[in-house]
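Chain and residue survey
Read off the chains here:
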Amino acid sequence: MSKIFKAELYKIRHNLVFFVSLLASAPLGALLTVVAGLDSSICLAEVLSSIVSFYEIFFIIMIAMYVTNDYEKGTIKAIVSSGVSKTKIYFGRLLVSIFISEIMFILACIGAYVWGTVKGIPMTSGEFVWTNMQIIESIVIQMIIVIAYAMIGYFISVLTKKQIVAIMVSIVVINFEPVAVSYIGKALGQNLSVLDFSNTISQIEKLNITGNILLSSLLFVLVVFVFTFAIGTYVFKHRDI
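In short, a report on the structure.

Parameters at a glance
Residues numbered from 1 in each chain as written. Predicted model: local features only at pLDDT ≥ 70, side-chain atom pairs only at ≥ 80, totals over all residues. Heavy atoms only, no water. Patch = residues over 30% accessible without salt bridge, like charges linked within 9 Å, V, L, I, M, F, W, Y side chains within 5 Å. Areas by Shrake-Rupley, 256 points an atom, 1.4 Å probe, with all protein chains shown as cover. Salt bridge = Lys/Arg side-chain N within 4 Å of Asp/Glu carboxyl O. Helix = DSSP H or I, 4+ residues; strand = E, 2+ residues; numbered from the N terminus. Buried < 20%, exposed > 50% of the residue type's maximum accessible area, 1.4 Å probe, protein only. Axes fitted to C-alpha atoms, helices over the stretch in contact; angles between N-to-C directions. Parallel < 35°, antiparallel > 145°, perpendicular 65-115°, else oblique. Left-handed = near helix turned anticlockwise from the far one by under 90°. Contact = heavy atoms within 4.5 Å. Nonpolar A, V, L, I, M, F, W, Y, C, P; charged D, E, K, R; others polar. Phe/Tyr/Trp six-rings, centres within 6.5 Å; stacked < 30°, edge-to-face > 60°. Core = buried A, V, L, I, M, F, W, Y, C linked by side-chain atoms within 4.5 Å.

What follows is about a nonpolar patch on the surface. A contiguous nonpolar patch, built from Leu-31, Val-34, Val-35, Leu-38 and Trp-115 and spanning about 480 Å² of accessible area, is present on the exposed surface. Here the element with the most residues in the nonpolar patch is helix H3 (residues 25-36); it accounts for 3 residues. By the secondary structure assignment, Leu-38 is in the loop between H3 and helix H4 (44-48). Classification of Leu-38 as exposed rests on a relative accessible area of 74%.

See below:
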């Protein structure tokens, strides 16, 4: 599996379009600060706590570009014929998807922070008096959310094999997930609000960081992993490439 991971990272480093797009993460983070800075009451902590919700589509596009590129160019056949099991290939490429998603997120955070500092935007305000630890906790939980986005984008990209289709379906799934959770909860007669990701993100943006928010984030990631990995590996192993 490490062989696949290293090989995929090598491909990314030598794909100019993808590499440039990856580097665009920092300017996009700065752009969020520019837009948010139009409101003089905004503070930098609020910007940093909302990066994952503002750039979820960007994360999805990048993952779809990475995964579907091999299908559209036919190079996936060479990967499968490398002698590594399809399960390890699926998991190895999933890890790369998560890795590059986290790099994008961190670069966006750096871009937002640097621009906000240069423009003199205060880290906190009178209404939102947050400690550095709370801000760090917010970023850590957002990184957990990024894992979920990466797994969803990767899973759908593997199923569809088409870049545009993968992007559209992923965006629909992420945005309608709260509705689906609500209907499933009613059908089962259970309160599944812990899996309502829109509520989790809303609480993060307000920096309402509690044990429940962390738990719901981890639980959501676990559910997404089990569901997507079970179905994804089955489809990947049994479908003709």
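With that out of the way, let us pick up the packing of helix H8 (residues 86-118) against helix H9 (residues 132-160). At a minimum axis separation of 9 Å, H8 and H9 run at an interaxial angle of 135°. Relative to H9, the element H8 lies oblique. Viewed along their axes, H8 and H9 form a crossing whose handedness is right-handed. Facing Ile-89, Tyr-90, Arg-93, Leu-94, Ser-97, Ile-98, Ser-101, Glu-102, Phe-105 and Ile-106 of H8, the residues of H9 in contact are Ile-139, Gln-142, Met-143, Val-146, Ile-147, Ala-150, Met-151, Tyr-154, Phe-155 and Val-158. A per-class count over the contact of H8 with H9 returns 15 nonpolar, 3 polar and 2 charged.

Applying the stated criterion across every chain yields a total of 1 salt bridge. Arg-93 is the salt-bridge partner of Asp-70, the closest N and O atoms lying 2.7 Å from each other. Linking Asp-70 in helix H6 (residues 56-73) with Arg-93 in helix H8, this pair joins segments that are 23 residues apart in sequence. As far as burial versus exposure is concerned, Asp-70 and Arg-93 are alike and both buried.

Moving on, we come to the packing of aromatic side chains. One pass over the full model with this rule turns up 7 aromatic pairs. Look at Tyr-90 and Phe-236: their rings are 6.2 Å apart centre to centre, the planes differ by 55°, and that puts the pair in the tilted class. Residue Tyr-90 is found in helix H8, and its partner Phe-236 is found in helix H12 (residues 211-238); the two are separated by 146 residues along the sequence. Just as Tyr-90 is buried, Phe-236 falls in that class too. Measuring from centroid to centroid gives 5.2 Å for Phe-225 and Phe-229, while their planes differ by 20°, and the two rings are stacked. Residue Phe-225 and its partner Phe-229 are located together in helix H12, separated by 4 residues, close to a single helical turn. In textbook terms, an aromatic cluster arises when at least three aromatic residues are bridged by ring pairs, as seen for Tyr-90, Phe-91, Tyr-154, Phe-225, Phe-229 and Phe-236.

Attention shifts here to the nonpolar core. Ranked by size, the top nonpolar core spans 59 residues in total, and within it Ile-51 and Phe-59 carry the most contacts. With 13 residues, H9 is the largest single contributor of residues to this core. Residues within four places of Ile-51 in sequence aside, it is in contact with Leu-32, Phe-105, Ala-108, Cys-109, Ala-112 and Gln-142.

What follows deals with the environment of Ile-152. As for its placement among the helices and strands, Ile-152 is situated in helix H9. Each C-alpha atom of the pair Ile-152 and Val-169 lies 9.9 Å from the other, and the pair is 17 residues apart in sequence. Beyond its immediate chain neighbours, meaning those up to four positions away, Ile-152 contacts Ser-170, Val-173, Ile-174 and Val-224.

Geometric values such as these leave the question of function open.
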